[in-house]
Amino acid sequence: MKKLESLFKKLENKIEYSTVLNPEVSKGSVGWHIEHILLTTSLIIGAIEKSNPLDYKSKFNFVKMCVFTLNKIPRGKVQAPNSVRPVENFSEADIKNNFKTCCNLIDKLPSLKENNFFVHPFFGHLNLKSSVKFLEIHTKHHLNIIEDILKAKNGELQ
């Protein structure tokens, strides 16, 4: 959980740049990427909380093995599902509120059971440990995009 918490601290420092956009790097603004991370994290943790650990089924998945081994999601290969696409009109205040909510959800993770899980559309069932690892990889992926947006837009923002 420490790594995820650390990534969220970095994410919090990017909120002030939420309106920055650079279409050469991404169609989404910095704020869009932050909101996407927050929506994804909330959805996943909500699913984990509601899951029945007895229903968890571990199954080998080659794509999952590649992503989890490399700790990297390839850019531009998959579009975010509608359920985790931010609405068009969000403000910095919305992001800050969603950020607090997400941090509270992350704080609940240690109290969940090992086989609480969520069903990922490509990876299948991810138990608590794998879900946290996915959240780390996913958050890092979008933080890297955010960094590239900021570097490409205006070097001194860093």
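Along each chain, numbering runs from 1 in the same order as the chain's sequence is written. Given that the model is predicted, a residue must reach a pLDDT of at least 70 before its local features are reported, and side-chain atom pairs must reach 80 or more before they are shown or counted; all residues, however, enter totals for whole chains, interfaces and linings. Side-chain metrics in this entry use all non-hydrogen atoms of the structure; hydrogen atoms and water are not considered.

Mapped onto the fold, Asn52 is located in the loop between helix 2 (30–50) and helix 3 (62–70). Taking the C-alpha atoms as reference, Asn52 lies 36 Å from Glu92; in sequence the two are 40 residues apart. In this structure the side chain of Asn52 is engaged in a polar contact, spanning 2.9 Å, whose partner is the backbone nitrogen of Leu54. The numbering of helices and of strands both runs from the N terminus, where a helix is a DSSP run of H or I of at least 4 residues and a strand a run of E of at least 2. We call two N or O atoms a polar contact when they sit within 3.5 Å, provided that within protein one can donate a hydrogen and the other can accept it, with sequence-adjacent residues counted only if both atoms are side-chain atoms.

Our focus in this paragraph is the pairing of strand 1 (residues 117–120). Judged from the four bridges that link them, strand 1 and strand 2 (residues 124–127) form a sheet pairing that is antiparallel. The residue of strand 2 that forms the bridge with Val119 is His125. A pair of strands is labelled paired if DSSP reports no fewer than 2 bridges between them.

What follows deals with the pattern of salt bridges. By convention in these notes, a salt bridge is any Lys or Arg side-chain nitrogen within 4 Å of a carboxyl oxygen on Asp or Glu. Scanning the entire structure with this criterion turns up four salt bridges. The salt bridge involving Lys108 is made with Glu49; its shortest N-O contact spans 3.5 Å. On the criterion of sequence distance, the pair formed by Lys108 in helix 4 (residues 92–108) and Glu49 in helix 2 is long-range, its members being 59 residues apart. Only protein chains enter the accessibility calculation, which uses a 1.4 Å probe. A residue is then buried if its area is under 20% of the maximum for its type, exposed if over 50%, and partly exposed in between. Given a relative accessible area of 40%, Lys108 falls into the partly exposed group. The closest approach of N and O atoms between Lys96 and Glu92, which form a salt bridge, is 3.4 Å. Residue Lys96 and its partner Glu92 are both found in helix 4; the two are separated by four residues, about one turn of the helix. Given the relative accessible area of 32%, Glu92 is considered partly exposed.

Taken together, the side chains of Phe60, Phe62, Val63 and Met65 present a nonpolar region at the surface, about 440 Å² in accessible area. Of note, Met65 is situated in helix 3. The patch calculation keeps residues exceeding 30% relative accessible area without a salt bridge and links them within 9 Å when they carry like charges or within 5 Å when they are nonpolar (Val, Leu, Ile, Met, Phe, Trp, Tyr). Surface accessibility in these figures is a Shrake-Rupley result with a 1.4 Å probe; residues are shielded only by whichever protein chains are displayed.

Time to look at the state of the cysteines. Sulfur atoms of two cysteines make up a disulfide when they are within 2.5 Å. What the rule picks out here adds up to zero disulfides. Between Cys102, a cysteine without a disulfide, and Cys103, which holds the nearest cysteine sulfur, the sulfur-to-sulfur distance is 6.8 Å.

So, on to a positive patch on the surface. His is not counted, nor are the chain ends; Lys and Arg add positive charge and Asp and Glu add negative charge. Charged groups are reduced to one reference atom each: NZ for lysine, CZ for arginine, CG for aspartic acid, CD for glutamic acid. Taken together, the side chains of Lys3, Lys10, Lys72 and Lys140 make up a positively charged region of the molecular surface. Turning to its location among the elements, Lys3 is positioned in helix 1 (residues 2–12).

Bringing the packing of aromatic side chains into the picture now. Side-chain rings of Phe, Tyr and Trp (the six-membered ring for Trp) are treated as a pair once their centres are within 6.5 Å; stacked means planes under 30 degrees apart, edge-to-face means over 60, and tilted covers the remaining angles. The tally for this structure, following the rule as stated, stands at five aromatic pairs. Their ring planes at 35° and their centres at 5.7 Å tell us that Phe8 and Phe99 sit as a pair that is tilted. Here Phe8 is found in helix 1, whereas its partner Phe99 is found in helix 4, with 91 residues between them in sequence. For Phe99, a relative accessible area of 7% gives the class buried. Ring geometry for Phe118 against Phe134: centres 6.4 Å apart, planes inclined by 40°, an arrangement best described as tilted.

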